[in-house]
Amino acid sequence: MKTKKYILFALATLGLATSCQDKDWDAPTSEQAMQAYGNQNLQETNLKTIAEVIALYSNEINNNSLKEVKTPMQIKGVVTGNDAGGNIYNSLYLQDNTGAIAISISQSGLYGPFAVGQTVLVELNGLYVGGYGKQPQIGTTYTNPNKEGATPQVGRMSRYIWQQHYKLLPALPGLIAEPTVVKWNFNTLDIAKDCGKLITLKGVTLAEADGKAVFAPNDGSVTLTSNCANRTITGVSNVVVRTSTYADFAKTVMPTTVVDITGVASRFNDTWQILMRDANDIVESSTEPAPVATPSGTGTAEDPYNVAGVTKYTKSLAAGKESGTVYAKGYIVVVSDIDTSGNFGNATYLISDRQDGATGTFQIYRGYGVNGQKFNEKGATLIEAGQEVLIKGKVINYQGNTPQFAQGSTIVSLK
């Protein structure tokens, strides 16, 4: 008898539940969904552009240090990169119409609330702004406990701290984050102002692609840095495609055809690092490939390498091994940094076999001026794009994937 009563009660309860489900309930709106995340009390009291924030903390960014924000200050931008494809770890990339910045968060699954295209308001007060490899970042302070004498740097804030510092916003007219399109190389971009932006690099080939090689193997076949593989763009010395061994597409075979690559263009010092977000960020290209320069020269003063020649020679060196003294010539296409007032007096710049840089570039890292003169000395001859230059110095295949003139090279002649 008791069993019969329990059965009748269960059926009545099921009927009640069914009648409730049949009711025409309103689905949550997108605005209601956004209110489930972040801090709804945040207000725009002192809104800054991303470029303005980078300028305010340029000293910390350029010196790979950090500084706490101690006044109410907000930025507003669109998410361009998240962890959906496994290639961007514990970070978001935020971009507005002036610049881009990385946000370091100790949290996985960020792609849920922070889908690409989501607009976010961030309160910086109480957070830290600084640089890692001169890439602007927002986070908290971190000191490596395993490194004696380590200096504090920007680290990942906890999810609980982050929760109090952001607010999701509806899409805003005029605030967009379409990829900046560049052809063949990054000569048209400024590594200080454009780093962290979403880009599409058109008409390039991957130098290590052979029909078998994958983006990020973990079998020892390539040198890894922080569990990532850097793949080079044919003919370009200061751009790599950086892929984590944990990325969903890490074991995908690299295409051997001419491709267009979309991704976040982060930086590590003077090297661009393209972070593809998923396998859809690389497609076959309809853009004609870059013109090719034939390697020439023997590297002597009488017969200097051209840029194609010095690139080929440097890539033949063991990773991190400096050569003897060689000579190379080319046209200056980009001056990344020139110290005319500080203590160093050197410059980092790119040369190419063509004035437009179309045949590829080679980096001169912290080189000196004519006859070794420092650029901050009185009467020093400065350099600029378009000049033809002959350079003397040692070259190095830095980390096995970035061929360049090592620090200390000098200009023999400048036209």
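Thresholds, definitions, all that
- Residues numbered from 1 in each chain as written.
- Predicted model: local features only at pLDDT ≥ 70, side-chain atom pairs only at ≥ 80, totals over all residues.
- Heavy atoms only, no water.
- 1 Å grid on protein atoms, 1.4 Å probe; cavity = no way out; pocket = protein on both sides within 12 Å on 5 of 7 lines; lining within 4 Å.
- Points joined across faces, edges and corners; volume = space filled by probe spheres on them.
- Helix = DSSP H or I, 4+ residues; strand = E, 2+ residues; numbered from the N terminus.
- Contact = heavy atoms within 4.5 Å.
- Buried < 20%, exposed > 50% of the residue type's maximum accessible area, 1.4 Å probe, protein only.
- Salt bridge = Lys/Arg side-chain N within 4 Å of Asp/Glu carboxyl O.
- Disulfide = S-S within 2.5 Å.
- Polar contact = N/O pair within 3.5 Å; in protein donor to acceptor, adjacent residues only side chain to side chain.

Draft legend 1. Expanded view of the layout of surface pockets. Computed from the structure, the largest pocket encloses a volume of approximately 1,200 Å³. Lining the largest pocket we find 39 residues, and of these Tyr89, Tyr132, Arg156, Ser226 and Arg242 sit closest to its centre. At the level of secondary structure, the elements contributing two or more residues to the lining of the largest pocket comprise strand 3 (91-95), strand 4 (100-106), strand 7 (135-142), strand 8 (153-155), strand 14 (228-232), strand 15 (239-244), strand 16 (259-268) and strand 17 (271-275). Per element, the largest residue contribution to the lining of the largest pocket is four residues, and it comes from strand 15.

Draft legend 2. Focus on the environment of Thr256. Mapped onto the elements, Thr256 comes out in the loop between strand 15 and strand 16. In this structure the C-alpha to C-alpha distance between Thr256 and Thr245, which are 11 residues apart in sequence, comes to 20 Å. Ignoring any residue separated from it by four or fewer positions in sequence, one finds Thr256 in contact with Ala209, Asp210 and Gly211.

Draft legend 3. Geometry of unusual backbone geometry. Positive phi values are uncommon outside glycine, yet Asn64 reaches one of about 55 degrees. By the element assignment, Asn64 lies in the loop between helix 4 (58-62) and strand 1 (66-68). Using a relative accessible area of 30% as the deciding quantity, one classes Asn64 as partly exposed. Unusually for a residue other than glycine, Gln399 sits at a positive phi of about 55 degrees. Take Gln399: it is sitting in the loop between strand 22 (388-398) and strand 23 (402-405).

Draft legend 4. Geometry of the pattern of salt bridges. Tallied over the entire structure, the rule returns seven salt bridges. The salt bridge involving Glu288 is made with Lys183; its shortest N-O contact spans 2.9 Å. With Glu288 in the loop between strand 18 (282-284) and helix 7 (307-315) and Lys183 in strand 11 (residues 180-183), this pair connects stretches of sequence that are 105 residues apart. On the basis of relative accessibility, which here comes to 43%, the residue Glu288 falls in the partly exposed class. For Lys183, a relative accessible area of 40% corresponds to the partly exposed category. Between Asp194 and Lys197 there is a salt bridge, with the nearest N and O atoms lying 2.9 Å from each other.

Draft legend 5. Molecular detail of the environment of Thr402. Relative to the helices and strands, Thr402 is located in strand 23. What makes Thr402 buried here is its relative accessible area of 3%. Considering only alpha carbons, one finds Thr402 and Asn230, 172 residues apart in sequence, at a separation of 9.2 Å. Other than its neighbours up to four places away in sequence, Thr402 contacts Ser237, Val240, Thr271, Ile396 and Asn397.

Draft legend 6. Up close: the state of the cysteines. The full count for this structure, using the stated rule, is zero disulfides. We note that Cys228 lacks a disulfide partner, and the nearest cysteine sulfur, in Cys195, lies 18 Å from it.

Draft legend 7. Up close: the side chain of Arg231. Counting through the fold element by element, Arg231 comes out in strand 14. A polar contact of 2.7 Å, which involves the side chain of Arg231, links it to the backbone oxygen of Val214. Leaving out residues up to four positions away in the same chain, Arg231 has contacts with Glu208, Ala213, Val214, Phe215, Pro217, Val222, Val239, Val240, Val241 and Met254.

Draft legend 8. Highlighting helix 7. For helix 7, every residue scored as buried is listed here: Val307, Ala308, Gly309, Val310, Thr311 and Thr314. The elements touched by buried residues of helix 7 are strand 19 (322-338), strand 20 (347-352), strand 21 (361-367), strand 22 and strand 23.

These figures come from the coordinates and say nothing about function on their own.
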